[in-house]
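Summary of structural features
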Amino acid sequence: MRRIAFALLACCSVAVAEERRSGLLDMRPEAQAMQRDDSMNPGMLWVLDGEALWGHKPNPAAQSCADCHGDAASSMRGVAARYPAFDAVQGAAIDLAGRIIQCRETRQGGAPLAREGQELLALTSFVAHQSRGLPIAPPNDAGMRAARAQGQSIYITRLGQLDLSCAQCHDDHAGGRLAGSVIPQGHPTGYPIYRLEWQRVGSLQRRLRGCMVGVRAEPFAYGSAEFIAIEAYLMERARGMEVETPAIRP
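Just so you know, the residues in each chain are numbered from 1, in the order the chain's sequence is written. Local features in a predicted model are, by the rule used here, given only for residues with pLDDT of at least 70; side-chain atom pairs are given and counted only at 80 or more, and totals for whole chains, interfaces and linings are based on all residues. For side-chain calculations, the full set of non-hydrogen atoms in the structure is used, while hydrogens and water are omitted.

**Quick notes on the packing of aromatic side chains**
Put simply, the rule is: Planes of paired rings set the category: under 30 degrees apart is stacked, over 60 is edge-to-face and the rest tilted, where pairs are Phe, Tyr or Trp rings (Trp by its six-membered ring) whose centres lie within 6.5 Å. Three labels apply to residues, based on accessible area from a 1.4 Å probe with only protein chains included: buried if under 20% of the type maximum, exposed if over 50%, partly exposed otherwise in between. We call a charge positioned over a ring when the NZ of a Lys or the CZ of an Arg lies within 6 Å of the ring centre and within 35 degrees of the ring normal.
Within the structure shown, the criterion is met by four aromatic pairs. Both rings, one in Phe220 and one in Phe227, keep their centres 5.5 Å apart while their planes meet at 85°; by these two values the pair is edge-to-face. Here Phe227 falls in the buried class, since its relative accessible area comes to 0%. One Lys or Arg, Arg206, reaches over the ring of Trp198 and ends 4.2 Å from the middle of that ring.

**Observations concerning empty space enclosed by the protein**
Applicable threshold: Using a grid of 1 Å spacing that covers the protein atoms alone, one calls a set of points a cavity when a 1.4 Å probe fits there but cannot get out, and a pocket when the set is open and has protein on both sides within 12 Å along at least five of seven lines; lining residues are those with an atom within 4 Å of a point. Grid points are joined across faces, edges and corners, and a volume is the space filled by probe spheres set on the points. Counting from the N terminus, the helices are DSSP H or I runs at least four residues long and the strands are E runs at least two residues long. Note on residue categories: nonpolar means Ala, Val, Leu, Ile, Met, Phe, Trp, Tyr, Cys or Pro, charged means Asp, Glu, Lys or Arg, and polar means any other residue, Gly included.
Under the counting rule described, the total for this entry stands at two cavities of 30 Å³ or more. There is about 340 Å³ of room inside the largest cavity. Lining the largest cavity are 23 residues, and of these Leu96, Thr124, Tyr191, Pro192 and Glu231 lie nearest its centre. Breaking the lining of the largest cavity down by element, the ones donating at least two residues are α6 (96-108), α7 (118-129), α10 (204-214) and α11 (225-237). In terms of residues, the lining of the largest cavity owes the most to one element, α7, which gives four residues. Partitioning the lining of the largest cavity into residue classes produces 14 nonpolar, five polar and four charged. Computed from the structure, the second largest cavity encloses a volume of approximately 50 Å³. Lining the second largest cavity are Leu53, His56, Pro58, Cys65, Arg104, Gln108, Glu119 and Leu123. Of all the secondary-structure elements, those providing two or more residues to the lining of the second largest cavity are α6 and α7. In terms of residue class, the lining of the second largest cavity is made up of four nonpolar, two polar and two charged.

Right, dumping it as structure tokens:
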């Protein structure tokens, strides 16, 4: 299997990134234009669905998101740029989707929102969209240090039958090509993201699962501490880069 891994990397033209760059810049001009024009960006459909859900009450006795937080354009501005964050009640890091699930269960009641479900993706897209254009600014509190360290450890660890790490592709070979596609630096600037491959919006954890399956590793479960740790590390790695949600990628 190691021979396969080396063969895969050998087919990539090696390009060491001299500076951080969004995956937006690795796409064709037509795809870049699609992301930049909200009337053409299909991810905006999820944002609009999320806007409708923001003011929706799952039952007459429940509260809507707007009842607690008011106008999302002001109350949610900058929120996505700070997640994952440390949750003192759980004593662990929590991602933005997890926080929305938590709010739904404690404030609104009803069935929990499913990871990768339409409602959660729509609400997460809507909330994250309020931070578009702002710099990613992960919290510096001590509670996040362990999560970031765990995420960095996973990022540099070789996984699966192909014996590859995230760092080998997205650090060592960023800018090269694999199967005809440019290898991006792997910055999480636009999630939830619309991928042309998926023909729908998906979370960063869905993308990470895809990478793990690609190297023939057993993927972590959605919402797991491992995935949240990787998210925390990637957000620190992308500190200062602009939030793009909803971004478009191939």
